[in-house]
Amino acid sequence: MKIKIFEFNMFPVNCYVLWDEQSLEAVVIDAGCFYEEEQQTLKNFILDNGLLVKHVLNTHLHLDHIFGNAFLFRELGLKAEASQQDEFWLGKAEEACRMFGFTLNEPVVPLGKYICDGELISFGNCQLEAIHVPGHSPGGMVFYCREAHAAFSGDVLFRGSIGRADLEGGDFEELREQICSRLFVLPEETVIYPGHGPQTTVGREKISNPFFR
């Protein structure tokens, strides 16, 4: 599995494109591309590498992680997949944008599929396991690839920090507990690719993250 990271700058969001090198089947995780030039950058990368995107995945449905969903639906015919527990956030996207002083770039597209805890998402010879880690949002999902020793954590776990828990459906203690019971049990060499900021590892966060001391 190969991984390409894009940082999109309305709210600096890490968008990930993962693909199987043999089949060129791919997934896109958290397409937070708000501006047209960002959307075209993502599209051109997919086209230039001959990738066949099979899934558009959201770790959660806060507004900064869904900006590109409508664009990918229009370009690829794929609706995003996420937890049903976060679906209510789609109905709040326009209101959330107004709170930050701007207008949503495109109308929200409904989810195409619900992702459940433990579900395996396949593309080519690769698989991602969906791990439900609530606390930042009710339906927060981490996508884990055992073979690549990689986990895509959205806004659950960051380098030296964890996600905020003060938005609707958030719970600080639940977030800490779920990280400990669901992520810190992964191999310590597992690379954590977060929704914002630099990557880290499970081992590093277990030792140095101040929220777990």
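Refer to the preceding data block for the structure.
The sections below set out a description of the structure shown in this document. Predicted model, so just to flag it, every value in this text is computed and none were measured.

**Re the overall build of the chain**
Stage number 1. Each helix and strand counted, the chain has five helices and 14 strands in total.
Stage number 2. Computed over C-alpha atoms, the radius of gyration of the chain comes to 16 Å, within 12% of the 17 Å expected from 2.2 N^0.38 for 213 residues, which places it in the range of a compact globule.
Stage number 3. Oriented by its inertia axes, the alpha-carbon framework of the chain measures out at about 45 × 45 × 25 Å.
Stage number 4. In the chain, buried positions account for 52% of the 213 residues.
Stage number 5. Sequence separation of at least 24 residues holds for 63% of the intrachain contacts in the chain that already meet a minimum separation of 6.
Stage number 6. For the chain, the exposed surface amounts to about 9,400 Å²; the carbon and sulfur share of it is 50%.
Stage number 7. Put simply, the chain has 17 plus and 31 minus side-chain charges, and the middle of one group is 3 Å from the middle of the other.

**Quick look at unusual backbone geometry**
Stage number 1. Residue Leu 24 is not a glycine yet carries a positive backbone phi of 65°.
Stage number 2. Locating Leu 24 in the fold gives a position in the loop between β2 (13-19) and β3 (25-29).
Stage number 3. Residue Leu 24 is classed as partly exposed on the basis of its relative accessible area of 29%.
Stage number 4. At Asp 30, a position not held by glycine, the phi torsion is positive, near 60°.
Stage number 5. With respect to the secondary-structure elements, Asp 30 resides in the loop between β3 and α1 (36-48).
Stage number 6. According to the relative accessible area criterion, Asp 30 is buried, its value standing at 2%.

**Here we look at the sheet that holds strand β8 (residues 126-132)**
Stage number 1. Taken in spatial order, the six strands line up as β7-β8-β9-β10-β13-β14 in an open sheet, and their pairing is mixed. A strand with exactly one partner marks an edge of an open sheet, and here the two such strands are β7 (120-123) and β14 (200-201).
Stage number 2. Here β7 runs beside β8; their pairing, made up of four bridges, is antiparallel. The residue of β8 that forms the bridge with Leu 120 is Glu 129.

**Let's talk about helix α2 (residues 69-76)**
Stage number 1. Residues of α2 that are buried: Asn 69, Ala 70, Phe 71 and Leu 72.
Stage number 2. On its buried face, α2 is in contact with β3, α1, β4 (52-57) and β5 (80-82).
Stage number 3. Phi for Gly 77, located one or two positions after α2, is positive at around 75°.

**Quick look at the environment of His 62**
Stage number 1. Tracing the sequence through the fold places His 62 in the loop between β4 and α2.
Stage number 2. Classification of His 62 by relative accessible area gives buried; the value is 5%.
Stage number 3. Between the C-alpha atoms of His 62 and Ala 93, which are 31 residues apart in sequence, the distance is 7.6 Å.
Stage number 4. Those residues in contact with His 62, other than ones at most four positions away along the chain, are Trp 89, His 136, Ser 137 and Leu 167.
Stage number 5. A distance of 3.1 Å separates the side chain of His 62 from the side chain of His 136, its partner in a polar contact.

**A look at the nonpolar core**
Stage number 1. Val 17, Val 28 and Leu 42 are the most contacted members of the largest nonpolar core, which totals 32 residues.
Stage number 2. Those elements that provide at least two residues to this core are β1 (2-8), β2, β3, α1, β4, α2, β5 and α3 (93-99).
Stage number 3. Not counting chain neighbours up to four residues away, the residues in contact with Leu 42 comprise Phe 6, Phe 8, Cys 15, Val 17, Val 28, Ala 31, Cys 33 and Leu 72.

Calculation criteria
Residues numbered from 1 in each chain as written. Predicted model: local features only at pLDDT ≥ 70, side-chain atom pairs only at ≥ 80, totals over all residues. Heavy atoms only, no water. Helix = DSSP H or I, 4+ residues; strand = E, 2+ residues; numbered from the N terminus. Rg over C-alpha atoms; globule rule 2.2 N^0.38 Å. Buried < 20%, exposed > 50% of the residue type's maximum accessible area, 1.4 Å probe, protein only. Contact = heavy atoms within 4.5 Å. Areas by Shrake-Rupley, 256 points an atom, 1.4 Å probe, with all protein chains shown as cover. Lys, Arg positive; Asp, Glu negative; His and termini not counted. Charge placed at Lys NZ, Arg CZ, Asp CG, Glu CD. Pairing = 2+ DSSP bridges. Polar contact = N/O pair within 3.5 Å; in protein donor to acceptor, adjacent residues only side chain to side chain. Core = buried A, V, L, I, M, F, W, Y, C linked by side-chain atoms within 4.5 Å.

The analysis is restricted to geometry; functional conclusions fall outside its scope.
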